[in-house]
Amino acid sequence: MNVSIIIKSFINSSFTHDLGEDMPAVCLYFQVHQPMRIKSFYSPHSISLEIPPDKLSDFYFGRDENRAIFEKVSDKCYIPAGNILLDLIYDMKDNGVEFKITFSLTGVFIEQASEFRPEVLDIFHRLVKTGSVELLGETYYHSLASFISRDEFVEQIKMHRKLMLDEFGYRPSVFRNTELLYNNKIAEIAEQLGFKGVITEGVDWVLGWRSPNYIYRPPNASIKILLKNYMLSDDIAFRFSARWWDKWPLTAEKFVSWLSDIQGQTINLFMDYETFGEHHWEDTGIFEFLRSLPYRIASVPHLEFATPSEIVEKYESAGVFDIPEPAWISWADAERDESAWLGNHIQRMCFRELQNLESPVKSLKNRTMLRIWRLLQTSDHFYYMSTKGLSSGNSSDGNVHGYFSHFDDPYTAAMNYLLVLSDFKSRLMSIMRKTEPDSRRIKEVLISVVLQAEHESYIDVEAIANETGVPKDRICNIIEDLRRQGFLSGDSITEKGRAAINLFSVFPPEQAFHFFYSHGRYAGKS
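Note that the coordinates shown come from a computational prediction; the quantities given were computed from them, not determined experimentally.

Caption draft 1: Seen up close, the side chain of asparagine 416. Relative to the elements of secondary structure, asparagine 416 occurs in helix H20 (residues 410-435). A distance of 2.8 Å separates a polar atom in the side chain of asparagine 416 from the backbone oxygen of threonine 412. Sequence-distant contacts of asparagine 416, defined by excluding residues within four places in its chain, comprise Ile38, Lys39, Ser40, Phe41 and Phe407.

Here is the structure:
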C-alpha cells in the first residue's frame, strides 16, 4: 500500500466533523521569479559597440544565457512541481478537501515563460483555472522601485496588475512587495491602490513577544498584514536537505506535527517556488515531501487550507505592526532588512546612479530605454553585489548570495552592472541630445533660471521662453528638476545653485547639458 493511499485514509477518517471558526489556516505561498541576468563583460571595450536600439536589451542581458537558465529551472522545478500541485488539487477535491495555494508571478518571469517555455505558462493557467489558486500583486520587474520613487513604484504595481488581468483574467487583492520589503509607507500605498492585504516577514525585533501567526494592521491604514512564519518556512526552504540540521531528515509527518501544536489565526508558509527541485534537488526527497504535505495537513482536524485574501476577509487584526520610515524589513539574510540589496557602498552607488536616471529616461517617452532602465531595477542585480561574509567570518548569508549569483564574486557582479549602466546612460544622453532642444539653448535656459533666482527670487518663464526659443512647458520641467536637485528652493537660489552658476557659465554646451542630467537626485516625473 503506497503512501498516498495511507494518507488518503487519514483524510476520510478525519473530515467527518464541522471545521468550525477557530481552525488555524495554513497558507502556502510560493514566489515565482527569474531575473533577466546581465551578461558578463570582461572590459569596458567589450561593451562599447554599435548596437541597434531594438537589440540593446538582448545585448545587455543575454537572451541565450537567460534561456538556458530558464529551461534548466523549468525541467527541474516548474514543470514537475506544477504537475504535482495539479494532481494534488484534483485528487484532494475527489476526497472532499480543497487544497489551496498562492503564487506571485513576476512580469519578467511571465515574459520568459512565454518566450522560452510556453509549457510552464500553460501549467500556471491550468492551476489558476482550478479555482484553488490565488495570485498576488507585486512590482512587474521584481524591482527596488519602492526605493526609486512613489510614482515609479505605483506604475510598476499597475503594470503587474494589468498583466495578471490580461494573462489570467485575475485581479489580485493582496500585495507583496519585492523580497517582502516593507514599511508603513508600503501598506499605505497598497491600500490606496485597492489592496485588502499585504504580506511581509514576521520579524522578531518588531514582534517581540507576539506571534507571527496572527493578522496585524499598520498604524497608518486599515489594510491587514499577513506575516511569514520564517522558522517553519525556512525549515523547508533552506534546511530541508541540510544534513547538519538536528531535525534532518524532514518528513511531512514530522513537519505537520509541528504545525498541529501551533495556536493562532494563520500559519503562513512563504518561500521561493524554486525550493522544489532547484534549490533542493529531486534526489533529496523534496518532491515526495511536496506530495505528502497537503494530505498530512488535511489529516489534522483543526487545520485547514486558506489563501491570503480568505484570511484577511475572515480574521480581525490582533494588533499594530509598526515599521516607520526610514526603517525597512524583508525576508532576506539574518538582518531581515534592506541590507541584502543596499547594504554596502557599491550597491548604494549603483542604485543612486540608476535612480538619478528616472526623470531623463521618462522624459524621452522611449519604450525601449524605459524597459531597460526598469530591468536594471530588478533586485537580483543588487543582491549579487552583496559582500556579506567576505570579511566578517560569518559566511552563511554570503554563501546564499553566492549560490544565486552567476558571477564569481560580488565585485565582478558590480563591475558588470556598472559597465552596463554606464553604457546605457551614455546612450540615453546621446538620444536626449538628438531629441531635446539644442543643447546650447538648454544651457541658456539653465543660466537664465539660476541667475533670475539669484538676483530676483522670481523666475519669469515667459521671458525665458521668448529669449531662448525653448517651449514654456519644457522650461517648467527644467525648473522642477532644478528644485528636486536642490539648486532651487521655490524661486530662490540655494547654496548649491550659487555654485552651479559658475559651472553653467564655464562649461561648453555639451558639458553643461551633461552636468544638468547627471547630478542631483530625481524623485519623480519631469
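Caption draft 2: Molecular detail of the nonpolar core. Grouped together as the largest cluster of nonpolar side chains are 134 residues, with contacts concentrated most on Phe103 and Tyr273. Per-element tally for this core: the top contributor is helix H3 (residues 63-94), with 12 residues. The next biggest cluster of nonpolar side chains, apart from the first, holds 17 residues, and it includes Leu446, Ile459, Ile475 and Phe487.

Caption draft 3: Broad picture of the pairing of strand E2 (residues 101-105). Summarising burial for E2: 5 of the 5 residues are buried, a large majority. Going residue by residue along E2, you find Ile101, Phe103 and Leu105 tucked away on one face and Thr102 and Ser104 tucked away on the opposite face as well. As paired strands, strand E1 (residues 25-32) and E2 are joined by 4 bridges and run parallel to one another. The residue of E2 that forms the bridge with glutamine 31 is serine 104. Both E2 and strand E3 (residues 133-135) contribute to a ladder of 3 bridges, which runs parallel.

Caption draft 4: Quick peek at the packing of H3 against helix H4 (residues 107-116). For the pair H3 and H4, interaxial distance at closest approach is 10 Å and the crossing angle is 90°. Overall, the two elements H3 and H4 adopt an arrangement that is roughly perpendicular. Side by side, H3 and H4 meet where Arg63, Asn66, Arg67, Phe70, Glu71 and Tyr78 of the first sit next to Phe109, Gln112, Ala113, Glu115 and Phe116 of the second. Considering only residue class, the contact of H3 with H4 consists of 5 nonpolar, 2 polar and 4 charged.

Caption draft 5: Representation of the side chain of arginine 374. Turning to its location among the elements, arginine 374 is positioned in helix H17 (residues 367-375). Its relative accessible area of 5% is what places arginine 374 among the buried residues.

Caption draft 6: Representation of the environment of valine 32 in the model. Here valine 32 lies in strand E1. A sequence separation of 78 residues divides valine 32 from isoleucine 110, and the C-alpha atoms of the two residues are 9.4 Å apart. Apart from the residues lying within four places of it in its own chain, the contact partners of valine 32 are Tyr78, Phe103, Ser104, Leu105, Thr106, Phe109, Phe124, Tyr273 and Glu274.

Caption draft 7: Structural context of the environment of tryptophan 281. Tracing the sequence through the fold places tryptophan 281 in the loop between strand E7 (266-272) and helix H12 (286-298). Spatially, the C-alpha atoms of tryptophan 281 and serine 241 are 8.8 Å apart, while their sequence positions differ by 40 residues. The residues contacting tryptophan 281, other than those within four sequence positions of it, are Lys76 and Ile286. Side-chain polar atoms of tryptophan 281 contact the backbone oxygen of glutamate 278, separated by 3.2 Å.

Caption draft 8: Expanded view of helix H15 (residues 345-355). Every buried residue of H15 is listed here: Gln347, Cys350, Phe351, Leu354 and Gln355. End-on view of H15: buried residues confined to an arc of 135°, all on one side of the axis. Its side-chain oxygen at 3.1 Å from the backbone nitrogen of isoleucine 346, asparagine 344 defines the N-terminal cap of H15.

Caption draft 9: Spotlight on the packing of aromatic side chains. In total, this model carries 30 aromatic pairs according to the counting rule given. Taking 6.4 Å as the distance between ring centres and 85° as the angle between the ring planes, the aromatic pair formed by tyrosine 60 and phenylalanine 61 counts as edge-to-face. The burial state of tyrosine 60 is the same as that of phenylalanine 61; both residues are buried. Note on tryptophan 245 and tryptophan 258: the rings are 6.3 Å apart at their centroids and 75° apart in plane angle, and the pair reads as edge-to-face. Highlighted residues: tryptophan 245 in the loop between helix H10 (230-237) and helix H11 (252-260) and tryptophan 258 in helix H11, separated in sequence by 13 residues. Looking at tryptophan 258, the relative accessible area reads 23%, which means it is partly exposed. One aromatic cluster is present, formed by Phe30, Phe70, Tyr78, Phe103, Phe109, Phe116, Phe124, Tyr273 and Phe276 through successive ring pairs.

Caption draft 10: Representation of the environment of asparagine 183 in the model. Its location among the elements puts asparagine 183 in the loop between strand E4 (174-176) and helix H8 (184-192). Residue asparagine 183 is classed as buried on the basis of its relative accessible area of 0%. Sequence separation of asparagine 183 and tryptophan 328 is 145 residues, and the distance between their C-alpha atoms is 5.3 Å. If sequence neighbours within four positions are ignored, asparagine 183 has contacts with Ile323, Glu325, Ala327 and Trp328. A distance of 3.0 Å separates the side chain of asparagine 183 from the backbone nitrogen of lysine 185, its partner in a polar contact.

Caption draft 11: Structural context of the pattern of salt bridges. The final tally for this structure, using the stated rule, is 30 salt bridges. Between arginine 63 and glutamate 115 there is a salt bridge, with its nearest N and O atoms 2.5 Å apart. Linking arginine 63 in helix H3 with glutamate 115 in helix H4, this pair joins segments that are 52 residues apart in sequence. For glutamate 115, a relative accessible area of 40% corresponds to the partly exposed category. Between lysine 228 and glutamate 201 there is a salt bridge, with its nearest N and O atoms 3.6 Å apart.

Caption draft 12: Geometry of the packing of H11 against H12. One can describe the packing of H11 onto H12 by two numbers: an axis separation of 9 Å at closest approach and a directional angle of 40°. Taken together, the axes of H11 and H12 lie oblique to each other. Remark: the crossing between H11 and H12 carries right-handed chirality. Across the interface between the two elements, Ala252, Glu253, Phe255, Val256 and Leu259 from H11 touch Phe289, Ser292, Leu293, Arg296 and Ile297 from H12.

Caption draft 13: Highlighting the sheet that holds strand E5 (residues 197-201). Strand order in this open sheet of 3 strands is E4-E5-E6, and the pairing throughout is parallel. This sheet does not close on itself; its edge strands, each paired only once, are E4 and strand E6 (224-228). In this sheet, neighbouring strand axes are inclined to one another by 30° on average, regardless of whether the strands run parallel or antiparallel. With 3 bridges connecting them, E4 and E5 associate as parallel partners. When the sheet's bridge partners are listed, phenylalanine 175 is paired in E5 with valine 198.

Rules of the game
- Per chain, residue numbering runs from 1 following the sequence as it is written.
- For this predicted model, a pLDDT threshold of at least 70 governs which residues receive local features, and a threshold of 80 or more governs which side-chain atom pairs are given and counted, while totals over whole chains, interfaces and linings are taken from all residues.
- With hydrogens and water stripped out, all remaining heavy atoms of the structure feed into the side-chain values.
- Under the scheme used here, helices are H or I runs from DSSP no shorter than 4 residues and strands are E runs no shorter than 2 residues, and both carry numbers assigned from the N terminus.
- Each polar contact in these results corresponds to two N or O atoms within 3.5 Å; when the atoms are within protein, one needs to be able to donate a hydrogen and the other to accept it, and residues that are neighboring in sequence are counted only if both atoms are side-chain atoms.
- Contact definition: two residues touch when any of their heavy atoms are within 4.5 Å.
- By nonpolar core we mean a set of buried residues, namely Ala, Val, Leu, Ile, Met, Phe, Trp, Tyr and Cys, connected to one another through side-chain atoms within 4.5 Å.
- Throughout, exposure labels follow a simple rule: accessible area from a 1.4 Å probe, protein chains only, divided by the maximum for the residue type, with under 20% read as buried, over 50% as exposed, and the rest as partly exposed.
- When DSSP finds two or more bridges between a pair of strands, those strands are recorded as paired.
- Between N-to-C directions, angles cover 0 to 180 degrees, with each direction set by a line fitted to C-alpha atoms, over the stretch in contact for helices.
- Roughly parallel means an angle under 35 degrees; roughly antiparallel means over 145; roughly perpendicular covers 65 to 115; every other angle is labelled oblique.
- Polarity classes work like this: nonpolar for Ala, Val, Leu, Ile, Met, Phe, Trp, Tyr, Cys and Pro, charged for Asp, Glu, Lys and Arg, and polar for all others, with Gly in that last group.
- When we speak of the arc, we mean the arc of directions from the helix axis to the C-beta atoms.
- Centres within 6.5 Å make a pair out of two Phe, Tyr or Trp rings, where for Trp the six-membered ring is used; the pair is then stacked when the planes are under 30 degrees apart, edge-to-face when over 60, and tilted otherwise.
- Salt bridges are identified by distance alone: a Lys or Arg side-chain nitrogen within 4 Å of an Asp or Glu carboxyl oxygen.
- A clockwise turn of the near helix away from the far one marks a right-handed crossing, whereas an anticlockwise turn of less than a right angle marks a left-handed crossing.

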